[in-house]
Amino acid sequence: MTRVPFTFPLANGLHARPASLLQELCLRFDAVVVFRNSRRGRRADAGSVLELVSSGTMAGDPCLLEVSGPQEKEAAQALRAFLRRDLLQAEDNLPPSAAPGAGEGGWLPPFFRGGALRLHHGRAVSPGIGRAIAVLRQGRVSMPRRFASGRKGPAQESRLFREAMERTMAELRGQAEASGDPVAAGILKAHLAILSDPRFGGKIASRIAAGRLPAGAAIEKTAAEFAAAMRRSPSVYLRERAADIDDIAARLGETLYGKRRDAAPDLPPGGCIVVAGALSPSELLSLDRRPLRGLVLGEIGSTSHTAILARTLGIPAVALPRPALAGIAAGEELVVDGRRGLVLEQPGPALRRYYRLEQEHLRRLEQRRARLAAQPARTRDNVRLEVAANIGSVAELDPAWRSGAEGIGLFRSEALFLERDGPPGEDEQCEAYSRVARTAAGRPVIVRTLDVGGDKRLPYLRLMREENPFLGYRAVRFYEEHGDLLRCQLRAILRAARCGRLKVMVPMVTRTEEVRLVRRLLADAAAELRDRGVPHADSVELGVMVETPAAALSIDLLAREAGFFSIGSNDLLQYTMAADRGNPRLAGLHDPLHPAFLRLLQQAAAQARKAGRWLGLCGEMAGNSELLPLLVGIGFNEVSMAPGRIPAAKERLAELESGECRALLRRVLAAADATTAAGLLGEFNARGEAGEAISAELVRLDSPCRTPGEAIKELCCLLELSGRVGNSAALEDAVWKREEAYATDLGFGFSLPHGKAAAVKSASIAFLRSRKPFHWSPAGTPVQAVLLIAVPEKAQGEEHLRLIARLSRRLMHEEFRAALLAARDAAAVLRALQQCLGGG
Amino acid sequence: MKIVAVTACPTGIAHTYMAAEQLEKAARKLGHGIKVETQGAMGIENELKAREIQEADAAILAADIAVQKRERFDGKRIVETSVQEAIKHPEAVLERLARP
């Protein structure tokens, strides 16, 4: 028996998606794999998703895989590699949960009070605002009663069950393929894995065969057992997975009894909000999404698959306690506020106006996000740094482009080669590469040639087993022996390169000869295509993936053969530190801030620059926005990362100044150790943007606002749209809490609302002037000019506070107020303010 | 008259300084000498020295929160008011000093 110990790494515990990956891998080998969690004293068959999930494994649990059987060695090796890489990526693409911070603790600005017929505090499940009439949907809480009554004898029931299984699985597969969304497809595949779990199906089948239970009852009982095991889990996340089992069982039961789900009541085309005590992921997917404006759900966790789907599909959703839910009547107007976690029944005119403003604001935010995504990534001082995506399959293309990838910095081609009995043919590969190239629409795509051997094994590629696969016969090292396989791949790339800018990157290079070999194979591939008369690109750019210290230290030599370089930071770090990154006891060694590693990167970049070669960086390091200042300092041409990290990287990049980054790099390189380096970097990142406190985009003249609520909202939204505030609702609440102490109208037609909130990134001032004066406080005189001051919770740098103090003092002078009231345009307001802020 | 004053509001961002400005303006207009200490988000600024307090005829504490180092004014003639009052009617606040 081989033992593979590890510490469970995923924050959300061992849930269905990672478990289905692990199961899938185990089933590929003729081996028995037992999973043990020694903290919880649980044992599970790793071939069973349900048992794995039921183990209740949480992040940090000490675990052990026991592998035995004929393919023990191969399985253990594959499992080690899995733990090291794929498992860590199982959570990468989860959409973020609703932003916390606003509406917490039940406190709301005063204008909410009494503004709606009823107002319910719930939990924000998916952000956004929905406003429409309520459609009530009977939640399918338990299986139909009649499932329990059998119709036929055991033999017939067994046959019916088998057929239902096959039909349901085919349906799920079809739905997953048609979903066109990787998150939805992932959830459906996890359901498929549970359904095809031998423990699940086998148990049902044996209950039916023994004649003890009819098919429906056997499904219900088995599902209930598994769901109960999950509900006992210490992890909230895992407890929420029980809903998946219920969903699968109901689906299976419905197929079994030939009853179409009473799904999809026709939703009113004018828009509606669906109110449902329980809504399974498959039910949500079956709803017509065009008129769907929002969801009000019963007890649902924010990590349940229904919640994840709602976020992915961009449907605002709030979860309410059952009594509140039951009070909502069909046909009444609702507002679902997925920011504050509120549901409002029949809002009055003031709140309707308020939410129209909010919806308009969210539209502008989305436009801003899209604009940011579309913008070329560059630093504040206009230094270009391409931000690209790493992808492993064609399915990931869409999210990559949507999030603003400027290219594909790493297309891992091995996904095409895994999990099959023979290598993919030239046409099949050409089809995949062509699709990537076509959707890239002119943006560059770097295809990494086959990177297997060692950890990733292909049954049809007979490579010898090795003691030390990561230092073994992998990637480019077997290209000579398996020239056919490589020429086939290169032919496919050359053909597809007619559709776009494909480049070829060679993994695991240590010697110039290896690049020369690939160049020869590339020439051979082109000659073969020419002989066959197949249209293809004349040439493609050939580059080197820098993963070994040998390559990093000889860029100048490799540059004679290679047109570009991209650093594979995961392996390069592992090889530099001689520390397996899957080994939890060595986690401290796996630090990209180690002086040796940073020096290596800097030297490699200097050599690449000298040789006039393009240099990229793909690997986890590239997607860490904290490290971005160092990467800018080193002078990479490109950073390539998981698609979900691209918007944050572009936004951070726009705040950086390349000279400051270089200065930081010099200080970090001079640091004695990684801890000191991390301190310097942290200090740099914590430093607020030293920009101006006000800009033209923060001035609004001629505002239609008629209440303090609208004025404050408008100003907070301006601040969020300018990127100075993370979540305007949180700032709004802070400002209103301050107003509650006493109203901030000053008389003279002015009001000076202000607040401190963690959501504020740098102290800022926003100004509006309303078309008509309005009342701010009951006792006060009408207000026409509103200056809003936003200060970070931990006000760093007193400079801004000093400016605001000066501004407050200046407001006591009539000439200044008159200038603000008379200003003809935003520029005049800015002049008046800057004069006040700048003048001693 | 020689006056010392302290202003302090809950967030210490704006009203503390507006009140200080108003008191200074009104004192100038009425021909008094004044020094105003602000207790705001930047801490204590323009701090009153022991001698200045000692030499002053009276002290104004315009605060919506507890004034720090209040013991400095023990035995002094003190007019207490809110920050808002000092902003809206600074002259009225100063006139209260004149009354015995």
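Preceding this section is the structure that the text describes.
For clarity, every value in this text was computed on a predicted model and none was experimentally measured.

A. Geometry of the packing of aromatic side chains. Residue and element names in this part refer to chain A. Within the structure shown, the criterion is met by 13 aromatic pairs over all chains. The interplanar angle of 25 degrees and the centroid separation of 5.2 Å between the aromatic rings of Phe 111 and Phe 112 together place this pair among those described as stacked. For Phe 111, a relative accessible area of 24% corresponds to the partly exposed category. For the ring pair Phe 112 and Tyr 354, a centre distance of 5.6 Å and an interplane angle of 75 degrees mean the geometry is edge-to-face. Of the two residues, Phe 112 is situated in the loop between helix 3 (72-84) and strand 5 (116-121) and Tyr 354 in helix 13 (residues 349-374); the sequence distance between them amounts to 242 residues. For the residue pair Phe 112 and Tyr 354, the accessibility class agrees, reading buried in each case. Cluster of aromatic residues (ring-pair linked, three or more members): Phe 111, Phe 112, Tyr 354, Tyr 355 and Trp 736.

B. Geometry of a positive patch on the surface. Together, A:Arg609, A:Arg662, A:Arg666 and A:Arg667 give the surface a local cluster of positive charge. Here the positive patch takes 3 residues from helix 24 (residues 658-669) of chain A, the largest share from any one element.

C. The packing of helix 7 (residues 215-231) of chain A against helix 9 (residues 242-256) of chain A, seen in detail. Residues and elements named next belong to chain A. Relative to each other, helix 7 and helix 9 sit at 175 degrees, their axes nearing to 8 Å. Taken together, the axes of helix 7 and helix 9 are roughly antiparallel relative to one another. Facing Ala 215, Gly 216, Ile 219, Ala 223, Phe 226, Ala 227, Met 230 and Arg 231 of helix 7, the residues of helix 9 in contact are Ala 242, Ala 243, Ile 245, Asp 246, Ala 249, Leu 252, Gly 253 and Leu 256. In terms of residue class, the contact of helix 7 with helix 9 is built from 12 nonpolar, 2 polar and 2 charged.

D. Here's a closer look at the nonpolar core. Counting residues in each nonpolar core, the largest one holds 108 residues, and the members touching the most others are A:Ile408, A:Tyr433, A:Tyr479, A:Leu502, A:Phe565, A:Ile567 and A:Leu630. With 8 residues, helix 17 (residues 512-532) of chain A is the largest single contributor of residues to this core. Beyond its immediate stretch of four places on either side in the chain, A:Phe565 contacts A:Val544, A:Val546, A:Ile555, A:Leu558, A:Ala559, A:Arg613, A:Trp614, A:Leu615 and A:Gly616. A:Val829, A:Leu837, B:Ile3 and B:Val36 belong to the second-largest nonpolar core, a separate cluster that totals 83 residues.

E. Local environment of the sheet that holds strand 7 (residues 129-137) of chain A. All names here are of chain A. Read across the sheet, 8 strands follow the order 5-12-11-7-8-9-10-6 without closing on themselves; strand pairing throughout is mixed. Two strands in the sheet have a free side with no partner beyond their single neighbour: strand 5 and strand 6 (123-126). Sheet twist, expressed as the average angle between the axes of neighbouring strands with direction ignored, equals 30 degrees. One ladder, built from 5 bridges, connects strand 5 with strand 12 (residues 342-347); its direction is antiparallel.

F. Broad picture of the environment of B:Lys69. As for its placement among the helices and strands, B:Lys69 is situated in the loop between strand 4 (58-63) and strand 5 (78-81). Leave out the neighbours within four places in its chain, and B:Lys69 touches B:Ile44 and B:Glu47.

G. Seen up close, the interface of chain A and chain B. Each partner contributes to the interface: chain A provides 20 residues, whereas chain B provides 22 residues. Carbon and sulfur atoms make up 65% of the surface buried where chain A meets chain B, a total of about 1,900 Å² over both sides. Its largest share of buried area at the contact with chain B, chain A owes to A:Tyr742, A:Arg809 and A:Met812, together 36% of the area lost on that side. In this structure, the salt-bridge partner of A:Arg802 is B:Glu45, at a minimum N-O distance of 2.9 Å.

H. Region of the structure containing the packing of helix 1 (residues 16-27) of chain A against helix 3 of chain A. All names here are of chain A. Their axes nearest at 10 Å, the elements helix 1 and helix 3 cross at an angle of 160 degrees. Here helix 1 lies roughly antiparallel to helix 3, going by the angle between them. As for how helix 1 packs across helix 3, the hand of that crossing is right-handed. Here Pro 18, Leu 21, Leu 22, Leu 25 and Cys 26 of helix 1 come into contact with helix 3, specifically with Ala 78, Leu 79 and Phe 82. A per-class count over the contact of helix 1 with helix 3 returns 8 nonpolar, no polar and no charged.

I. Spotlight on the pattern of salt bridges. All names here are of chain A. A full pass over the atoms with the stated rule returns 58 salt bridges over all chains. Between Arg 364 and Glu 360 there is a salt bridge, and its shortest N-O distance comes to 3.6 Å. Of this pair, Arg 364 and Glu 360 both sit in helix 13, 4 residues apart, roughly one helical turn. Taking the relative accessible area as the measure of exposure, Arg 364 reaches 42% and is therefore partly exposed. Notably, a salt bridge pairs Glu 714 with Arg 700, separated by 2.2 Å at the nearest N-O pair. One end of the pair, Glu 714, is in helix 26 (residues 708-721); the other, Arg 700, is in strand 21 (residues 699-703), with 14 residues separating them in the sequence.

Rules and cut-offs
Residues numbered from 1 in each chain as written. Chains lettered and ligands numbered in written order. Predicted model: local features only at pLDDT ≥ 70, side-chain atom pairs only at ≥ 80, totals over all residues. Heavy atoms only, no water. Phe/Tyr/Trp six-rings, centres within 6.5 Å; stacked < 30°, edge-to-face > 60°. Buried < 20%, exposed > 50% of the residue type's maximum accessible area, 1.4 Å probe, protein only. Helix = DSSP H or I, 4+ residues; strand = E, 2+ residues; numbered from the N terminus. Patch = residues over 30% accessible without salt bridge, like charges linked within 9 Å, V, L, I, M, F, W, Y side chains within 5 Å. Areas by Shrake-Rupley, 256 points an atom, 1.4 Å probe, with all protein chains shown as cover. Salt bridge = Lys/Arg side-chain N within 4 Å of Asp/Glu carboxyl O. Lys, Arg positive; Asp, Glu negative; His and termini not counted. Charge placed at Lys NZ, Arg CZ, Asp CG, Glu CD. Axes fitted to C-alpha atoms, helices over the stretch in contact; angles between N-to-C directions. Parallel < 35°, antiparallel > 145°, perpendicular 65-115°, else oblique. Contact = heavy atoms within 4.5 Å. Nonpolar A, V, L, I, M, F, W, Y, C, P; charged D, E, K, R; others polar. Core = buried A, V, L, I, M, F, W, Y, C linked by side-chain atoms within 4.5 Å. Pairing = 2+ DSSP bridges. Buried area = accessible area lost by both parts, 1.4 Å probe. Left-handed = near helix turned anticlockwise from the far one by under 90°.

So yeah, pure geometry; function would need other evidence.
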